[in-house]
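Each chain, letter by letter, is given below.
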Amino acid sequence: MKQPLFTGCGVAIVTPFHGGCVDYEAFRRLVDWQIESGTDAIIVCGTTGEAATLTHEERTELIKTCVAQVDHRVPVIAGSGSNNTAAAIRLSEEAQALGADGLLVVTPYYNKATQRGLIRHFTAVADAVELPVILYNVPSRTGVSCTAETYAALAQHPNINGVKEASGSFTLIQDTLNLCPAGFSVWSGNDEDTTAVMALGGKGVISVAANIIPREMHTLTELCLHDEFAAAGALQLRMAELIRALFCEVNPIPVKAAMEELALCGGELRLPMCGISSENRARVKAAMERFGVAVP
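Computed from a predicted structure; not experimentally measured. (Residues numbered from 1 in each chain as written. Predicted model: local features only at pLDDT ≥ 70, side-chain atom pairs only at ≥ 80, totals over all residues. Heavy atoms only, no water.)

### Remarks on the pairing of strand 4 (residues 41-44)
Along strand 4, one buried face is formed by A41 and I43 and the opposite face, lined by I42 and V44, is buried too. Across three bridges, strand 1 (residues 8-12) lies against strand 4 in parallel orientation. Note that in strand 4 the partner of G10 across the bridge is A41. Here three bridges tie strand 4 to strand 5 (residues 76-79), and the two strands are oriented parallel to one another. (Buried < 20%, exposed > 50% of the residue type's maximum accessible area, 1.4 Å probe, protein only. Helix = DSSP H or I, 4+ residues; strand = E, 2+ residues; numbered from the N terminus. Pairing = 2+ DSSP bridges.)

### Brief notes about helix 7 (residues 170-179)
Every buried residue belonging to helix 7 is among L172, I173 and T176, and all of these are buried. With its buried residues spanning 100° around the axis, helix 7 presents them on a single face. Pointing more than 90 degrees away from the buried face of helix 7 are the exposed residues T171 and N178. Buried residues in helix 7 make contact with strand 7 (133-137), helix 6 (148-154), strand 8 (160-165), strand 9 (185-188) and helix 8 (194-199). (Arc of directions from axis to C-beta. Contact = heavy atoms within 4.5 Å.)

### Considering the packing of aromatic side chains
Under the counting rule described, the total for this entry stands at two aromatic pairs. With centroids separated by 5.9 Å and ring planes inclined at 40°, the aromatic side chains of Y151 and F184 adopt a geometry described as tilted. Taken together, the positions of Y151 in helix 6 and F184 in the loop between helix 7 and strand 9 put the pair 33 residues apart, joining distant regions of the chain. The residues Y151 and F184 share a single accessibility class, namely buried. Above the face of the F291 ring, R238 is positioned so that its terminal group lies 4.3 Å from the ring centre. (Phe/Tyr/Trp six-rings, centres within 6.5 Å; stacked < 30°, edge-to-face > 60°. Lys NZ or Arg CZ within 6 Å of the ring centre and 35° of its normal.)

### Looking at the pattern of salt bridges
As enumerated under the stated definition, the model contains ten salt bridges in all. E260 is the partner of R281 in a salt bridge, and the nearest nitrogen-oxygen pair spans 3.2 Å. With a gap of 21 residues between them, R281 in helix 12 (residues 278-291) and E260 in helix 11 (residues 253-261) connect regions that are remote in the sequence. Residues joined by salt bridges that share partners form a network here, namely E260, E261, R281 and K285. (Salt bridge = Lys/Arg side-chain N within 4 Å of Asp/Glu carboxyl O.)

Here is the structure:
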């Protein structure tokens, strides 16, 4: 039976910018802080990392930097998805060559592939590499969603390890867990769904909130993994206001503002992402203060 690529909390780490360029020094500091804070995996070049506005050279350098800085302390999972299957294969092969431990491959956006097309796309990527592949279903951004039957077909591939489910559909998650073999893992793609997904058998979360509260997100998943769901539920409820504030504008705008407030890195984004509104910055700061987010 396949083993999950990781269990617990993986951070969908931001990409710090300074003066329009990737701030690799800040990125290295973030990686170290995450691992010191108990984070179980680093997911680089994902949605939160603004991969869509990174150049090809920046993506490869970020993966290379992440692998070197992590130095085998936790798994490094590289975002290598594209709406162009050939491009996704190339990115995946490069991430493998750079030393990533696994891949996160999003459903092809804009094209709106059929379920048969999704199966062929993910199979082509998984065939091209030897690394475990985590599928990424986020229909709010891509315009397409996998079905449980599609997951069941893809779960037969030896390199397809599971899915980051960010659809928010618990019907889909339940059907997936019922239809797929036990070795097909499900991770929550939404921070606010973490406890509920893990109560159904999910293996953890790929988290935005962990960029500012890594210890708490790790604790949340540890409680779930030890079947301490009453305590996990209480912590999840306490996090609710902060998590919602971190999504008051499109991710990663609010979380980068929060990280700037904590002096973890600058709040710079790349267009078409732009800075948070003053009203929402105040909301994020207030939620952080009420939760008691500590400056590292």
